[in-house]
Structure formats: structure tokens, C-alpha cells
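Tertiary structure, described
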Amino acid sequence: GSTAADAGAAVAIAPTGDVVVAGTLGTATTLGSTQLAASSTNSFVARLTSDGKPKWAASFDSKTHNAPLDVAVGGDDRIYVGGWFEGTIDTGLGLAKVVGDKDMFVAGFTSAGKPQLFASYGASGQAEVRAIAIDGDSLVAGGQFNGQIKLGGTNDLMAAGGTDMFLFRIGLPN
């Protein structure tokens, strides 16, 4: 861990028996041979052997906060993370900027840790992915939001009042 507050948020077991963990780092740290960036409280995901040896790790760096809330591994051994971010975040595939106060994200990695997917969805207020599951070639995400959330196309949602829940499905990359 780092010298600041770090936390595990979610754990999943890969088809190979490897352990995948997602959480937050309070400052930059090294996991195995990988230097993980963290300018603030930032997300990380790591893949470990079944006996705990690091295989790879990645982090989403930003000057503001971001956090993963769930992790899942598909039958094809790819790893997916869901959570939220503020400000601008370096996804490993480029920069993403929030639409509202706090936007939700879904990120995907190959079994070797290469970033493969980063999809963010904004709300006029706050939105976060709190749970994910893999269903064949799609990912199902659930969470909460307030204000209006833009899921694309005709799938935009308006909260009835306070904080509401959502459930949506996205196709996964080949």
C-alpha cells in the first residue's frame, strides 16, 4: 500500500483462479513491479496469482477523486470495473471529463492488463456504477443517480426525486 489511506472495494476470481481486486489509493505506490499513479484518491485494479503474487496492476489518475465500486471477470478472462469519477481522469485510453458533479464509468482490461474499454455516463448531478455482472458478450451495470443521466440515444433517465436507481446493459468489445 501507499503511505496514505488505501482501500479494497471489490474482489473477483478469474476462470484461471487468479484473484482480481479493485480499490482506491491515497497516493502513488508500487504493486509488484508496477508504479501506480495517484494524485488524489484514485482507482486501481490488480490481478494476482491465486497465491497473491502480482501479475499486473493499473490505476486511473486524476487531480480529483475517483473510485471503483465493483469488479467482474468474464468467461473470456477479461476484467471489468465499475465506479465513479470527478473532474478529468486518465483512463489509459485517453482523458475523460465529467458532465455533472460526479459521473459513472465502466472500464475493461484484457487478461494481461491492457486497457480495452472506458465508457463514462454523465448526469446533471451525480451518478455511480455500484454493481456489475457479465452476461455473455454484454455487461449489466446497476447503480444510483440524481438529476438526469445520459446513457445515450433514447435511454436518458430523469430522477423522480432525490436519488434513483438505474440498470443498463452495454455490449463488450470483441
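Given the structure is predicted, the values throughout are model-derived calculations rather than measurements.

Attention now goes to the sheet that holds strand β12 (residues 115-121). Pairing within the open sheet is antiparallel, and its 4 strands lie in the order β7-β8-β11-β12. Where the open sheet ends on each side, the last strands, each with one partner, are β7 (66-73) and β12. Sheet twist, expressed as the mean angle between neighbouring strand axes with direction ignored, is 20 degrees. Both β7 and strand β8 (residues 79-85) contribute to a ladder of 7 bridges, which runs antiparallel. In the strand pairing of β8, Ala72 is matched with Tyr80.

On to the side chain of Ser43. Inspection of the secondary structure assignment puts Ser43 in strand β5 (residues 42-48). Of the residues examined, Ser43 reaches a relative accessible area of 1% and is grouped as buried. Of note is the side chain of Ser43, whose polar atom sits 3.3 Å from the backbone nitrogen of Ala67. In contact with Ser43, other than residues within four places in its own chain, are Gly23, Ala58, Ser59, Phe60, Asn66, Ala67, Pro68 and Phe105.

Before going further, it helps to spend a moment on the sheet that holds strand β6 (residues 54-60). What the 4 strands build is an open sheet, ordered β1-β2-β5-β6; its pairing is antiparallel. With one partner strand each, in any of the chains shown, β1 (7-13) and β6 form the two edges of the open sheet. The mean angle between the axes of side-by-side strands here comes to 15 degrees, regardless of whether they run parallel or antiparallel. Pairing geometry for β5 and β6, over 6 bridges, is antiparallel.

Next up on the list: the environment of Asp103. With respect to the helices and strands, Asp103 occurs in strand β11 (residues 103-109). Since its relative accessible area comes to 1%, Asp103 is described here as buried. Residues in contact with Asp103, not counting those within four places in the same chain, are Gly83, Trp84, Phe85, Lys97, Val98, Tyr121, Gly122, Ala123 and Ala127. Side-chain polar atoms of Asp103 contact the backbone nitrogen of Gly100, separated by 3.2 Å.

Attention now goes to the pattern of salt bridges. Per the stated rule, a full pass over the model turns up 8 salt bridges. The salt bridge involving Arg47 is made with Asp18; its shortest N-O contact spans 2.8 Å. Remark: Asp18 occurs in the loop between β1 and β2 (19-25) and Arg47 occurs in strand β5; sequence separation between them is 29 residues. With respect to burial, Arg47 and Asp18 carry one shared label: buried. Three or more residues joined by partner-sharing salt bridges are found here, namely Asp18, Arg47, Lys55 and Asp77.

What counts and how
- Residues numbered from 1 in each chain as written.
- Predicted model: local features only at pLDDT ≥ 70, side-chain atom pairs only at ≥ 80, totals over all residues.
- Heavy atoms only, no water.
- Pairing = 2+ DSSP bridges.
- Helix = DSSP H or I, 4+ residues; strand = E, 2+ residues; numbered from the N terminus.
- Axes fitted to C-alpha atoms, helices over the stretch in contact; angles between N-to-C directions.
- Buried < 20%, exposed > 50% of the residue type's maximum accessible area, 1.4 Å probe, protein only.
- Polar contact = N/O pair within 3.5 Å; in protein donor to acceptor, adjacent residues only side chain to side chain.
- Contact = heavy atoms within 4.5 Å.
- Salt bridge = Lys/Arg side-chain N within 4 Å of Asp/Glu carboxyl O.

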